[in-house]
Amino acid sequence: MKLGILMDPIRDINIRKDSSFAMLLASQSLGWENYYMEAADLFIQDGEAWGRMSKLSVKDDPSNWFRQGDRTPWPLAELDIILMRKDPPVDMQYIYITQILELAQEEGVYVVNDPAALRDFNEKLFINYFPEFIAPTLVSSDPVQLREFVDTHEDTILKPLHGMGGASIFRARKNDTNINVIIETLTLHGSRFIMAQRFIPEISDGDKRILLINGDPVPYALARIPVYGENRGNLAAGGTSKGVELNSRDREICQGVAPTLRENGLAFVGLDVIGNYLTEINITSPTCIRELDKIYSLNIARDLMLAIEKDYASS
């Protein structure tokens, strides 16, 4: 099996927390060949998708974790599988990447996650397909409508639709003297959609990341807990973490979203759940594999690779 991975620069990753690195380790352990690409390596020539790729070997050693060969132009169709693991933002450059990968997909390459789904589903908007699982939510660019939402629910979260890692997330309460400037900043004076949600106080118990492989959940989640004085549990925002077993509500949410994930080729997904509510569906580059593996002696990436191999063989 020849596996290509498209990711942000591997030299900059933290291997103790990087899920893409876990996937590369798992692929290598199965005897597959790994090939590395970054966004700038992709191109289309005469209607065919190509990439400047280098053969990659990895080692679980924080001082020397990868070795790569020379970059060589190859048609992407020479690969069996491509993992699309580039982080957001999902901007126009990202959209162009998905279109290049879709050309490769049409030539028989199995791409995870499906490029069309990466274009079609915004990670924050996606939750609105499942209203039975979400807290009161508004998506709007209208400052008046957003202020009314804050006044109605009294304690809310406002966030952009394109961010990641907890960036630019604000907690806004009724009569907050900063509410106008928060809304102006996030909406660019009413020209950009944002999301408003009723604040979920159970965030103090953690923002749970639940990983699903072809719609089937890993039985444990990583609860990301805000530090004192912070509203965000994101590890990138300084949150701490602990492992927790999925409860009945977690499983109900997973069961509810799984058919849609499978139908749209979303083989590896991370759900964010706070209390009883689904708050985000991460499809671009879900993380937390290595943390859960360490806590529970799992090998989530190997399970994922085996599931991908099975899907590839039947496609």
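Each remark here, short or long, concerns the structure printed above.
For the structure given in this document, a descriptive report is provided here. (Residues numbered from 1 in each chain as written. Predicted model: local features only at pLDDT ≥ 70, side-chain atom pairs only at ≥ 80, totals over all residues. Heavy atoms only, no water.)

A tally of regular secondary structure across the chain gives eight helices and 18 strands. Radius of gyration (C-alpha) of the chain: 20 Å, near the 20 Å computed for a compact globule of 315 residues. Overall size of the chain, expressed as C-alpha extent along the three principal axes, is 60 × 45 × 40 Å. Evaluated residue by residue, the chain yields a buried proportion of 51% over its 315 residues. Within the chain, contacts between residues at least 6 apart in sequence are counted, and of these 66% link residues at least 24 apart. For the chain, the exposed surface amounts to about 14,300 Å²; the carbon and sulfur share of it is 47%. (Helix = DSSP H or I, 4+ residues; strand = E, 2+ residues; numbered from the N terminus. Rg over C-alpha atoms; globule rule 2.2 N^0.38 Å. Buried < 20%, exposed > 50% of the residue type's maximum accessible area, 1.4 Å probe, protein only. Contact = heavy atoms within 4.5 Å. Areas by Shrake-Rupley, 256 points an atom, 1.4 Å probe, with all protein chains shown as cover.)

A few words on the sheet that holds strand β10 (residues 155–160). The antiparallel open sheet is built from four strands, whose spatial order is β9-β12-β10-β11. Each having just a single partner strand, β9 (137–140) and β11 (170–173) make up the two edges of the open sheet. Each strand of the sheet is rotated relative to its neighbour by a mean of 25 degrees, with strand direction disregarded. Sheet contacts for helix α5 (residues 179–187): β10, β11 and β12 (194–198); angle to β10, the most-contacted strand, approximately 25 degrees. (Pairing = 2+ DSSP bridges. Axes fitted to C-alpha atoms, helices over the stretch in contact; angles between N-to-C directions.)

Vacant regions in the atomic arrangement are exposed by a probe of water-molecule size rolled over the atoms. Under the defined criterion, the tally for this structure stands at one cavity of 30 Å³ or more. Forming the walls of the largest cavity are Met-23, Leu-83, Met-84, Arg-85, Val-112, Asn-113, Phe-268, Ile-283, Thr-284, Ser-285, Pro-286 and Leu-304. For the lining of the largest cavity, the per-class residue count stands at eight nonpolar, three polar and one charged. (1 Å grid on protein atoms, 1.4 Å probe; cavity = no way out; pocket = protein on both sides within 12 Å on 5 of 7 lines; lining within 4 Å. Points joined across faces, edges and corners; volume = space filled by probe spheres on them. Nonpolar A, V, L, I, M, F, W, Y, C, P; charged D, E, K, R; others polar.)

So, about helix α2 (residues 92–106). Between the first and last C-alpha of α2 there are 21 Å, a value that for 15 residues agrees with the 21 Å anticipated at 1.5 Å per step. Residues Tyr-94, Ile-95, Ile-97, Thr-98, Ile-100, Leu-101 and Ala-104 constitute the buried set of α2. Structurally, α2 contributes buried residues whose contacts are with β1 (2–6), β3 (42–45), β4 (48–58), β7 (81–84), β8 (110–112) and α3 (115–120). Count one or two residues on from α2 and you reach Gly-108, which has phi positive near 105 degrees. (Expected span 1.5 Å × (residues − 1).)

Looking now at the packing of helix α1 (residues 19–29) against helix α8 (residues 300–314). Between α1 and α8, whose axes approach to 8 Å, the crossing angle comes to 60 degrees. Relative to α8, the element α1 lies oblique. Regarding α1 and α8, the two cross each other, and that crossing is right-handed. Taking contact as the criterion, the partners of Ala-22, Met-23, Ala-26, Ser-27 and Ser-29 in α1 are, on α8, Ala-301, Arg-302, Leu-304 and Met-305. (Parallel < 35°, antiparallel > 145°, perpendicular 65-115°, else oblique. Left-handed = near helix turned anticlockwise from the far one by under 90°.)

This next bit is on the side chain of Arg-85. Take Arg-85: it is sitting in the loop between β7 and α2. Within the buried core, Arg-85 has no salt-bridge partner, and the shortest N-O distance to an opposite charge, that of Asp-18, equals 5.6 Å. Beyond its immediate sequence surroundings of up to four residues, Arg-85 is in contact with Ile-5, Leu-6, Met-7, Ser-19, Ser-20, Met-23, Phe-268, Thr-284, Ser-285 and Pro-286. (Lys, Arg positive; Asp, Glu negative; His and termini not counted. Salt bridge = Lys/Arg side-chain N within 4 Å of Asp/Glu carboxyl O.)

This part covers the packing of aromatic side chains. The geometry of an aromatic ring pair is captured by two quantities: the separation of the ring centres and the angle between the planes. Within this structure, the stated rule accounts for eight aromatic pairs. Judged by centre distance (5.2 Å) and plane angle (40 degrees), the rings of Tyr-35 and Trp-74 are tilted. Residue Tyr-35 is found in strand β2 (residues 33–37), and its partner Trp-74 is found in strand β6 (residues 72–75); the two are separated by 39 residues along the sequence. With relative accessibility at 7%, the residue Tyr-35 sits in the buried group. Exposure remark for Trp-74: the relative accessible area of 26% places this residue in the partly exposed category. Between Phe-126 and Phe-130, the aromatic rings sit 6.0 Å apart at their centres with planes inclined by 45 degrees, giving tilted as the arrangement. Judged by relative accessible area, which is 4%, Phe-130 ranks as buried. Ring pairs connect the aromatic residues Phe-121, Phe-126, Tyr-129 and Phe-130, which therefore count as one cluster. Here Arg-171 stacks its cationic end above the ring of Phe-199, 3.7 Å away from the centre of that ring. (Phe/Tyr/Trp six-rings, centres within 6.5 Å; stacked < 30°, edge-to-face > 60°. Lys NZ or Arg CZ within 6 Å of the ring centre and 35° of its normal.)

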